[in-house]
Structure formats: C-alpha cells, structure tokens
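Coordinate inspection notes
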Amino acid sequence: MNQSTGQTINQTEDQTTHHQINEIKNTSKWNNWSGYQHSQPEHILKPQNIEQVQQIVQQHAKIRVVGAGHSFTPLVSTDATLLSLDHIAGFVDSDQQRSQASIWAGTRLFHLDQYLQPINQALIQQGDIDQQSLAGAVSTGTHGTGIDLHCISAYVEAFELLTASGEILRCNEYENKDIFDAGRVSLGSLGVLTKITMQNKPRYKLKEHVELVAVSDLVTNIEQWKKQHRHIECFAFSHAEKLMLKTLDITEEPIQPRKQSWPSEDMLLTMCCELTRAFPTLNPHLQKLLGVFVKPTTFVDWSSQIFPTPRNTKFNEMEYQIPAEHGIACLQEVLAALKKSQYPTFFPVEFRFVKGDDIWLSPFYQRDSVSISIHQFHKQEPRLLFDLVEPILQKFQGRPHWGKMHTMNSSQLSALYPKWMDFMQIRQQLDPAGKFLNPYLELLFDQ
Ligand SMILES: Cc1cc2nc3c(=O)[nH]c(=O)nc-3n(C[C@H](O)[C@H](O)[C@H](O)COP(=O)(O)OP(=O)(O)OC[C@H]3O[C@@H](n4cnc5c(N)ncnc54)[C@H](O)[C@@H]3O)c2cc1C
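All values reported here derive from a predicted model rather than from experimental measurement.

Before going further, it helps to examine the site of the ligand. Around the ligand, 32 residues are found, and the nearest of them are Gly67, Gly127, Gly136, Gly188 and Gly403. Residue classes in the shell around the ligand are distributed as 14 nonpolar, 15 polar and three charged.

In this section: the sheet that holds strand 16 (residues 242-251). What the eight strands build is an open sheet, ordered 17-14-16-15-19-20-18-21; its pairing is antiparallel. With partners counted over all chains shown, the strands left at the sheet margins are strand 17 (297-302) and strand 21 (399-400), one partner each. Bridge count between strand 18 (residues 315-323) and strand 20 (residues 369-377): nine bridges; the pairing is antiparallel. Considered in strand 20, the bridge of Pro323 is made with Ser369. Packed on one face of the sheet, helix 5 (residues 215-228) meets strand 14 (205-214), strand 15 (231-236), strand 16 and strand 19 (349-354) and runs near 150 degrees to strand 14.

This next bit is on the domain arrangement of the protein. A common measure of how large an interface is: the accessible area buried when the components associate. Along its sequence, the protein is carved into domain 1 (89-203) and domain 2 (205-400). Placing the centre of domain 1 and that of domain 2 at their C-alpha centroids yields a distance of 26 Å. With 24 residues of domain 1 at the interface, the matching set in domain 2 holds 26 residues. Classifying every residue of the side of domain 1 that touches domain 2 by side-chain character gives eight nonpolar, nine polar and seven charged.

In strand 7 (residues 81-84), alternate side chains face the same way, and those of Thr81 and Leu83 on one face and Leu82 and Ser84 on the other are all buried. Judged from the three bridges that link them, strand 5 (residues 43-46) and strand 7 form a sheet pairing that is parallel. Of the residues in strand 7, the one forming a bridge with Leu45 is Leu83. Two elements, strand 6 (residues 63-66) and strand 7, share four bridges in a ladder whose sense is parallel. Counterpart to Val66 in the pairing with strand 7 is Ser84.

Reading the values: rules and limits
- Residues numbered from 1 in each chain as written.
- Predicted model: local features only at pLDDT ≥ 70, side-chain atom pairs only at ≥ 80, totals over all residues.
- Near = placed C-beta within 6 Å.
- Nonpolar A, V, L, I, M, F, W, Y, C, P; charged D, E, K, R; others polar.
- Pairing = 2+ DSSP bridges.
- Helix = DSSP H or I, 4+ residues; strand = E, 2+ residues; numbered from the N terminus.
- Contact = placed C-beta atoms within 7 Å.
- Axes fitted to C-alpha atoms, helices over the stretch in contact; angles between N-to-C directions.
- Domains from an automatic or database assignment.
- Buried ≥ 20, exposed ≤ 12 C-beta atoms within 10 Å, placed from the backbone.

Right, dumping it as structure tokens:
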C-alpha cells in the first residue's frame, strides 16, 4: 500500500528491476483510493527517466497512465500496461519574473511546496486534498472554489506531451496551440504528460473560517458572500437546518495553525457513517446534531497548509458542474430529493464555485459554474444514491467531473461540449491505434 495516496498497486508481489525499469509483477492488482475501481494490469511500470518512458510507449500496445489513483471513475483501469510516473517527479526550473515553475508531471501536490517555497511561489488555487499527482489533477480539471478562480488546468502555461509515436511535443499558447487547448484536460488519452509549467503567484497566507449558518441565510446572502471571499464552500446536510460554511481569504495575519481536535472531524464522520449504515433511520437525527459537533473555527497558515483537509473517511463521489446562475436552485432541489427519499447517506452535499475557462474538455469550458458533489461512504453501494440525484444535475445542464462517478455517454457529452469533435479529431491524429484508450474511454469517446 502506498500510504501517501491510498491507491493499492502491489498487494502481494515484490518489485523487480526489468531493464532498469521498476516493474511490479503481473499478479499485482491495482485499485483506486476508494477501492471501488480495480483491475489487474499485465504490467505496472515505474520508469526512472524520460528515456525509459519513451521506451515503454514504443514497446507497449495499450497503456494507461496513473497518477495517485484518486479518480472515482475507471479512467486508469486496465488489463494491459499501467504506467506510473512516480519517479518522474520534482522541480525542473522557474521563471521568477513571471512567477512560473516547471515541474515533472508525476510530482504529488503535497511535495510542491518544498520546491516552490524557496522560490517564493505557490499554486494560485487548490482543491480539498493535495494527494494527487500534478498531471492527474490537471488531466481531469481538478478545482477548488472561488468565483474568480479557475480549475488547476487553466493555470497550466505549457506542457510536454509524449505521444504514441514516441515524439515529445512542447505545447503552449504559441506552439501546438490546438494540442495545448485539448491537452490540458485530456484524461490521459492524448499521450503521457511529462513536464508541466504552472502559472503561480508569490507565496501567500490564507485565513480559514468555518461556521454554521442557516440554509435560508445562504439562499439570501450567497450573491454577496461569494464576492466578499476569495474562496467560499458549503457543506449542506439534507436533514439539518444549518450548513457548514467555509471561507478562505488572503491575510497578513500571524500563523495560527490548524489544531488537532479529539475526536477529529474525520473520526466523527466515520462514526456517523457507520451508524447510518447500521441504523439508516438514525441518519436525520445524527445530521441534526451538527450544531453540537461543529464549532466556529479560524486558522491562518500558508496556502499549501490551508487548502488540503485530511480525508481519512473513504467515500465514492459524483460531481457535476452546473451553470452558476442555476447553482442555488439545483442545490435546493438536490437537498429536497435527498430529504424526501430518506436515503441513508450521512455525507453532506458540497457546493463550490469555479470560473469558466477555454480548455476544450474542461467541464468549465466557457461557463462560470457551481460545483455540486454527492458522496457516499465507501462501505455503502453508491449507485442508488447517485441515480436519485444525477437526473437533477443533468436537468440543470450539468457537466460531470471527469474523475467522479457519472453515467453520461458520448452523445450526451458531445451536446454539452462545443469542442467535443475537435478534441476527438486531435485524439485520432495523435493516437490512431488507440494506444492510450482503455474500454471505459473507448465507450466514453465512442472510439
Ligand atoms: C479524497 C478526494 C478528494 C478530492 N478532492 C477534489 C477536489 O477538491 N476537487 C476536484 O476537482 N477533484 C477532487 N478529487 C478528484 C481528483 O482530484 C481527480 O480525480 C484527480 O484526477 C486525481 O489525480 P490523480 O493523480 O490521483 O490521478 P489519477 O486518478 O491517477 O488519474 C486521473 C487521470 O489523469 C491521467 N493522468 C495521470 N497522470 C498522467 C500523465 N502523466 N500524463 C497523462 N495523463 C495522466 C490518468 O490517465 C487519468 O485519466 C478528489 C478525489 C479524492 C479521492
């Protein structure tokens, strides 16, 4: 088990060196963070340098690249070759004037600060956790929250892509512009991202504030609140009158680090999920106890410390990006459906804001959005819950998060993405034999 990521890529076998490439024998299984997706690749390869990555791409007919295995969809499941860039990690170089840094694609987000801090840089935006690889986060349009902030892929200034032919293409606004626009969110389907240049900003501190507010206050005040705070996020429980409101703002205040509480938020969450699973009728009562557990808190720290939250209670997740103007109506309908169904899920519905961008397969393509996420405890089957909510998210023209569970097919997706066919054309040109597709992507892309 790789403790840092939660994905399991080697259950029983030893690692051996095969032409100096770390190979995990073909009896090994791979599963994602939640354990819902699993497969048995013929090879799991961990090259040590770019030449070895090129050699693998030339020698293997079917390849999926894996980052930290934190996607909930079977994006990387394969019975052929699974390629991990865990060793293609670290700092490459920086442009101090522009606040940009080039990073090897396999670098985990939680390692970034050790490279960025000495050069006074920090990521402009991050999501809820920092366990992902940079390439994995970029490839699915991973995002945080804030009306003026894009998903992480939109802060990519340039990348290098190793294509099926073994060629390394440099892509940015000026070189291979179409591949740049297609490749920033491309689900590992165009080739292997090897190096990524990020637009960063000088290091900054964030002040995190969490409090409970009435659901009715959110509806009345959200238009004002979303402009007041750099980041704003809500966790709404379908049976509770109050929701958790979390805001983050840039500050010069002294550091006030996050304190370890006992029992921790995670311990309480696991306990409530286990209770809900065992005694479903308890769920509304547990959710109504929110006010007892959640006290207002304020922390100040460097951005890389404030963005990620420990997520030790495992879950599966579905998430759609809704046009921002429909966000509150959609949230209200989702909460009402959950309450009416009495479906036993303790997890709250997460509500965030993301600014639109120009990346062809970004769920935020030319659309300021609200992100609505539904979670289910990993020991409970998620499909029934997701089937209940998904039609509501789709009714509001939602586009699914590529890394989170959904049932959309190619014809539904092509209607939501104006550049869908352009993307497929570039994909065909770069990878005519479908080296970088697995059965899931073949179906999703209808290729
Ligand atoms: C606990 C938890 C919290 C999360 N929080 C958030 C959040 O706050 N916001 C959000 O938007 N998402 C969130 N996610 C989803 C997560 O950010 C995405 O699924 C992300 O893609 C995972 O990154 P990874 O490194 O694990 O990539 P993987 O899941 O391993 O791979 C994702 C995709 O990237 C491709 N890929 C990986 N490396 C390369 C490469 N070098 N070249 C080409 N393609 C590559 C893979 O082929 C695959 O298609 C969360 C997930 C979990 C489990």
